[in-house]
2 protein chains.
Amino acid sequence: MTTVKPRGKMVNAFNPDAPSELSERERQMVEDRHHVLAPSYRLFYQEPVHIVRGLGTRLWDGDGTEFLDAYNNVVSVGHGRPEVIGAVERQMRQLCTHTRYLHEGILGYANDLLGTLRETMPEAQLMFTCTGSEANDLAVRIAKYHTGHEGVIVTSEAYHGNSDLTAGFSPSLGDRSPLGTWVRQIPAPDSYRIRADDIAPMMLQQVRSQIEDLQRRGNGLAAFIVDSIFASDGIFADPTDFLKPVADLVHEAGGLFIADEVQCGFARTGSHMWGHARHHVQPDLMTMGKPMGNGYPVAGVAARPEVVAEFGYDQRYFNTFGGNTVAMAAAQATLDVILGEELQANSQRVGALIQAGLNDLAAEYEQLGDVRGSGLYIAAECVTDPETKAPDAQTAAAIVNGMRKRRVLISATGPNANVLKIRPPLVFSEQDVDWLLSCLEQTLREDLLALVATR
Amino acid sequence: MTTVKPRGKMVNAFNPDAPSELSERERQMVEDRHHVLAPSYRLFYQEPVHIVRGLGTRLWDGDGTEFLDAYNNVVSVGHGRPEVIGAVERQMRQLCTHTRYLHEGILGYANDLLGTLRETMPEAQLMFTCTGSEANDLAVRIAKYHTGHEGVIVTSEAYHGNSDLTAGFSPSLGDRSPLGTWVRQIPAPDSYRIRADDIAPMMLQQVRSQIEDLQRRGNGLAAFIVDSIFASDGIFADPTDFLKPVADLVHEAGGLFIADEVQCGFARTGSHMWGHARHHVQPDLMTMGKPMGNGYPVAGVAARPEVVAEFGYDQRYFNTFGGNTVAMAAAQATLDVILGEELQANSQRVGALIQAGLNDLAAEYEQLGDVRGSGLYIAAECVTDPETKAPDAQTAAAIVNGMRKRRVLISATGPNANVLKIRPPLVFSEQDVDWLLSCLEQTLREDLLALVATR
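Residues numbered from 1 in each chain as written. Chains lettered and ligands numbered in written order. Predicted model: local features only at pLDDT ≥ 70, side-chain atom pairs only at ≥ 80, totals over all residues. Heavy atoms only, no water.

A. Region of interest: the overall build of chain A. Of regular secondary structure, chain A possesses 13 helices and 15 strands. A compact globule built from 455 residues would reach a C-alpha radius of gyration of about 23 Å, and chain A, at 22 Å, matches this within 12%. Along the first, second and third principal axes, the C-alpha atoms of chain A reach 65 × 55 × 45 Å. Within chain A, the proportion of its 455 residues that are buried is 67%. Of the contacts made within chain A by residues no fewer than 6 positions apart, 73% connect residues no fewer than 24 positions apart. Accessible area for chain A stands at about 15100 Å²; split by element, carbon and sulfur atoms hold 48% of it. (Helix = DSSP H or I, 4+ residues; strand = E, 2+ residues; numbered from the N terminus. Rg over C-alpha atoms; globule rule 2.2 N^0.38 Å. Buried < 20%, exposed > 50% of the residue type's maximum accessible area, 1.4 Å probe, protein only. Contact = heavy atoms within 4.5 Å. Areas by Shrake-Rupley, 256 points an atom, 1.4 Å probe, with all protein chains shown as cover.)

B. How the structure looks around the side chain of B:Asp61. Residues and elements named next belong to chain B. In this fold, aspartate 61 is placed in strand β2 (residues 58-61). Here aspartate 61 is buried and forms no salt bridge, its nearest opposite-charge partner arginine 404 lying at an N-O distance of 6.1 Å. Separated by 3.0 Å, the side chain of aspartate 61 and the backbone nitrogen of threonine 65 make a polar contact. Sequence-distant contacts of aspartate 61, defined by excluding residues within four places in its chain, comprise His50, Ile51, Val52 and Phe67. (Lys, Arg positive; Asp, Glu negative; His and termini not counted. Salt bridge = Lys/Arg side-chain N within 4 Å of Asp/Glu carboxyl O. Polar contact = N/O pair within 3.5 Å; in protein donor to acceptor, adjacent residues only side chain to side chain.)

C. Just the layout of surface pockets, in detail. Volume-wise, the largest pocket comes out at about 900 Å³. If you trace the largest pocket, you find 33 residues lining it, with A:Lys144, A:Asp164, A:Leu165, A:Trp182 and B:Asp164 closest to the centre. Put simply, the parts of the chain that give the lining of the largest pocket at least two residues each are α4 (132-147) and α5 (164-167) of chain A together with α4 (132-147) and α5 (164-167) of chain B. Among the residues making up the lining of the largest pocket, the classes are represented as 14 nonpolar, eleven polar and eight charged. (1 Å grid on protein atoms, 1.4 Å probe; cavity = no way out; pocket = protein on both sides within 12 Å on 5 of 7 lines; lining within 4 Å. Points joined across faces, edges and corners; volume = space filled by probe spheres on them. Nonpolar A, V, L, I, M, F, W, Y, C, P; charged D, E, K, R; others polar.)

D. The arrangement of the relation of the copies chain A and chain B in detail. For these two chains of identical sequence, chain A goes onto chain B by a turn of 180° and a shift of 0.0 Å along the axis, with RMSD 0.0 Å. Look at the turn and shift together and you get a two-fold axis relating the two. Taken together, the interface assignments show that 100% of the residues at the interface of chain A recur at the interface of chain B, consistent with an identical surface on both copies. (Least-squares fit on C-alpha atoms with pLDDT ≥ 70 in both.)

E. How the structure looks around the interface of chain A and chain B. Facing the 105 residues of chain A at the interface are 105 residues of chain B. Across the chain A to chain B interface the summed buried area is about 9500 Å²; carbon plus sulfur atoms make up 58%. When the buried surface of chain A facing chain B is broken down by residue, A:Leu102, A:Tyr313 and A:Arg316 rank first, second and third, together holding 10% of it. Along the contact surface separating chain A from chain B lie six salt bridges. Put simply, B:Asp164 and A:Lys144 hold a salt bridge, and the shortest N to O gap is 3.2 Å. Viewed at the interface, chain B and chain A are joined by 50 residue pairs in polar contact (both at pLDDT 80 or more). Those elements giving two or more residues to the side of chain A that touches chain B turn out to be α1 (24-36), β1 (51-55), α2 (82-94), α3 (104-115), β4 (125-129), α4, α5 and α9 (305-314) of chain A. Among the elements that take part in the side of chain A that touches chain B, α1(A) stands out by supplying nine residues, more than any other. For the side of chain A that touches chain B, the class distribution of residues is 55 nonpolar, 28 polar and 22 charged. (Buried area = accessible area lost by both parts, 1.4 Å probe.)

F. Region of interest: the packing of helix α12 (residues 393-405) of chain A against helix α13 (residues 430-454) of chain A. Residues and elements named next belong to chain A. Close contact between α12 and α13 brings their axes to 9 Å; oriented N to C, the two are set at 125°. In terms of their interaxial angle, α12 and α13 are classed as oblique. Handedness of the crossing formed by α12 with α13: right-handed. Between α12 and α13, the contacting residues are Gln394, Thr395, Ala398, Ile399, Gly402, Met403 and Lys405 on the first element and Leu436, Cys439, Leu440, Thr443, Leu444, Asp447, Leu448 and Leu451 on the second. The residue inventory of the contact of α12 with α13, partitioned by class, reads nine nonpolar, four polar and two charged. (Axes fitted to C-alpha atoms, helices over the stretch in contact; angles between N-to-C directions. Parallel < 35°, antiparallel > 145°, perpendicular 65-115°, else oblique. Left-handed = near helix turned anticlockwise from the far one by under 90°.)

G. View of the packing of aromatic side chains. This model, assessed by the stated rule, comprises 19 aromatic pairs over all chains. Ring plane angle 90° and centroid distance 5.5 Å describe the contact between B:Phe44 and B:Tyr71, whose orientation is recorded as edge-to-face. With B:Phe44 in the loop between α1 (24-36) and β1 (51-55) and B:Tyr71 in the loop between β3 (66-69) and α2 (82-94), the pair connects residues that are 27 residues apart, well separated along the chain. Accessibility expressed as a relative area gives 7% for B:Tyr71, which makes it buried. What links up through ring pairs into an aromatic cluster is the set A:Phe44, A:Tyr45, A:Tyr71 and B:Tyr101. The ring of A:Phe318 has A:Arg100 lying over it, and the distance from NZ or CZ to the ring centre is 4.0 Å. (Phe/Tyr/Trp six-rings, centres within 6.5 Å; stacked < 30°, edge-to-face > 60°. Lys NZ or Arg CZ within 6 Å of the ring centre and 35° of its normal.)

H. Up close: helix α11 (residues 343-364) of chain A. Residues and elements named next belong to chain A. With 22 residues, α11 extends 31 Å from end C-alpha to end C-alpha; this agrees with the ideal 32 Å at 1.5 Å per step. Restricting attention to buried positions, one finds in α11 the residues Leu343, Asn346, Ser347, Val350, Gly351, Ile354, Gln355, Gly357, Leu358, Leu361 and Ala362. Buried residues in α11, looked at end-on, bunch into an arc of 165°, giving them a common side. Every exposed residue of α11 that faces more than 90 degrees away from the buried side is listed here: Asp360 and Ala363. The secondary structure elements touched by the buried residues of α11 are α10 (325-340), β11 (368-374), β12 (377-382), β15 (419-422) and α13. (Expected span 1.5 Å × (residues − 1). Arc of directions from axis to C-beta.)

I. Just α10(A), in detail. All names here are of chain A. Under the 1.5 Å per step criterion, the end-to-end length of α10 is 22 Å for 16 residues, consistent within 8% with the ideal 22 Å. If you check the start of α10, you find a side-chain oxygen 2.9 Å away from the backbone N of valine 326, and it comes from asparagine 324. Remark: glutamate 342 follows α10 within two positions and exhibits a positive phi of approximately 50°.

J. Structural view of the domain arrangement of chain A. Residue and element names in this part refer to chain A. We note that the domain assignment places domain 1 (82-340) and domain 2 (343-454) within chain A. Computed over C-alpha atoms only, the centres of domain 1 and domain 2 are separated by 28 Å. Tallying the contact residues gives 25 residues for domain 1 and 28 residues for domain 2. Contact between domain 1 and domain 2 buries roughly 2100 Å² in total, counting both sides, with carbon and sulfur atoms accounting for 52%. In terms of surface lost to domain 2, no three residues of domain 1 exceed Tyr192, Ile235 and Arg268, which account for 38% of the buried area on that side. Our count for the domain 1 to domain 2 interface comes out at one salt bridge. The salt bridge involving glutamate 381 is made with arginine 193; its shortest N-O contact spans 2.7 Å. For the pair domain 1 and domain 2, the number of links is 20 residue pairs in polar contact (both at pLDDT 80 or more). (Domains from an automatic or database assignment.)

K. Representation of the pattern of salt bridges. Enumeration over the complete set of coordinates arrives at 53 salt bridges over all chains. Close ionic contact of A:Glu341 with A:Arg81 constitutes a salt bridge, the shortest N to O distance being 2.4 Å. With a gap of 260 residues between them, A:Glu341 in the loop between α10 and α11 and A:Arg81 in the loop between β3 (66-69) and α2 connect regions that are remote in the sequence. The partly exposed category is assigned to A:Glu341, whose relative accessible area is 39%. For A:Arg81, a relative accessible area of 12% corresponds to the buried category. The network of salt bridges with shared partners includes B:Lys405, B:Arg406, B:Glu441, B:Arg445, B:Glu446 and B:Asp447.

L. Structural view of unusual backbone geometry. A cis amide bond links A:Asp238 with the next residue in sequence, A:Pro239, at an omega value of -5°. Positive phi outside glycine occurs at A:Glu342, with the angle close to 50°. Within the fold, A:Glu342 resides in the loop between α10 and α11. The exposure class assigned to A:Glu342 is exposed, which follows from its relative accessible area of 56%. Backbone geometry at B:Lys389 places phi at a positive 55°, although glycine is not the residue there. Mapped onto the elements, B:Lys389 comes out in the loop between β12 (377-382) and α12 (393-405).

M. Expanded view of the sheet that holds strand β6 (residues 183-186) of chain B. All names here are of chain B. Pairing in this open sheet of seven strands is mixed, and the strands run β4-β10-β9-β8-β7-β5-β6 from one edge to the other. Strands with a single pairing partner mark the edges of an open sheet, and in this sheet they are β4 (125-129) and β6. Each strand of the sheet is rotated relative to its neighbour by a mean of 20°, with strand direction disregarded. Across three bridges, strand β5 (residues 151-155) lies against strand β7 (residues 221-226) in parallel orientation. Residue pairing across strands places glycine 151 opposite leucine 221, the latter belonging to β7. (Pairing = 2+ DSSP bridges.)

As structure tokens, then:
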């Protein structure tokens, strides 16, 4: 089997050099991947999963073994969702073409999408792309063109995309991925280690000092871009009082506030349709992606008209597949299900059940130092000691792989890879919660003991 | 109706301030677009088309009026192609998930795709993205990382994408779209104005001088990237003897040769599956997009393993939708049809018929100064005078809009917007050729006279 040299940073990555219990068939697939795919491709879990079918919150491997999906946010309204599949199939049969011909689909969807933004982005205009990376790349291009500045401020472990520009302001990609000289980092609002009342002043002071640095070096501030659930920073849902003053400061400096809703948008956080709305902030630009078409590649940017006016008039922007008739049909069907089945309320209700269960387990297992999140974006942080709060990546990995062995898929996140990340489809049910929590309880009971014994 | 200020450059763009014969319904749609979409969105034709259905090479508007599609290369195996729709629908019902789980689909497709590259890129490895822009962005990121240089050489009117990086080396976006300081332009191989024998030495000398300039300024050469059909430069298919020596020169300078196959790949040019193969060159990186999934957003990069090794080991690159199970099913079905129905041979045969017909018309109408192309990528260049070869954008626009009025869709291209661009789905038939040519003959006969009268 092809061996692989030490790699760039990735949480919950399969290591082909470490032992794993793959079948001969799967071992062959891993080897085939090494031949035909570039080495950037990485698998999840120390025993990678080989899934062949999905429905709702469930996945099945080739042997018919059933898995619970408590991780995939892309298929937000559920795997194999007939409404979305039907809409895509019908529109493909009808017409698949781009935005340079008139078509009703894009107008209907744009109206419905803008309807969800009436309070925080009234009058917004839309641009459609295929991926969240394209959306963030475009948003920052617009911000640079509008402000005439180039500086970008992000959180210390932010991830905003895989394009040259967005990777340049995505420190979570690790030390070997070049950051732009025009990028500045601020700490995440670590509510586990910083008092809630101290977070707003800390964030404000940090942003102010980075703006000053960008101005002194002549970059100026183009944008502050933030994922308001701080997914790659370790998931911090609360407090929600600090982004509004930061946005004011950013505006004073002539910069724009960009809400990256790729992770937290489309009802994910339960209490609101959009993450920035939880924080009572009105963004200049908002980007969206992943769950927008329940797996169909569709993403977009919402912009205040003043901000996008010059860019739009001066520059042609055409995205061949962006806003195409099928993408709009997929996005429309997905939004209709989210709204029609009140999945935002489900996210809030079911997410609260998960957090309650995690808190019960945390009372028993001190390795779970903190439980937090909003809606169905939930974190449980693993520590070696609840007093020092020292991050424990080994325990997080043991739990993630232990859950996988027991057929429940979650993952981990954060700069220290020690934060369990639970982010299921929005259609997660109470029965799913029971399976998730009982599996976690069993994993903690059986696997943590073994882990402690090996230390 | 909302009025629009003067705009960034775009060939064959609808001007809402000029007269057009839109119905009340369509006028309302144009206005709705101005409200909900950012001003970057532009329509084709002075009388924009409002298409509701497509099948094969035909499109229909809401009134049931039939159009001939002689322009859209995305739906390369035809509009509403049942094999592709069936594959997408089946895979969506089965499973739609990403590349961090094991799945057969990506391996099967990768093998088949690499099979088409055995001669020019043996041993290549693949990375999948969603758009051609993402593919070009990624290819140049890889080139920069591998070479340690940042300079990029392109043709003078190149278009390589809409991301910050790729727009930075896409001069065709016009004066108001910023070019990178690390970008150098060389002239296109204008076979209408330069003797065939002079093109190779001219290209070589131009590339050499730009490499020297990049080296002197400390940028160095990361990549020479080229669309070998020179689509946005005005479509130049021949000669095919100059890219090989250019590639050798690029390698001597420590740079990489990137073949952008978004326009010319997947059998488009008739004689070969890939544009670079017509030029007998072995690229270091190749990018593909548009027709890859017959409208499903899928694109990719092929790389020599040595070139992508460090990037792949050091840097995580994950594209949520790139290489997902459904994208691979769409791409597989599309490739199967191209190979199974020998659409490359059809492209060559039918393209030759179109060129022969165009040459007959050019003998009669001296406004058609040059006819050229390969397979189903065909150009007819409009000039005011065949002696001076002065570009005639007005005639090209009159022909494009005259054809559209007669229900045949083509467009124009080139730095002077005077080159008719004929680029139909690969399933274009002899009957389609007859319609196309008779419509063009009628347009030339009826509309050019009227145009001359107004001059």
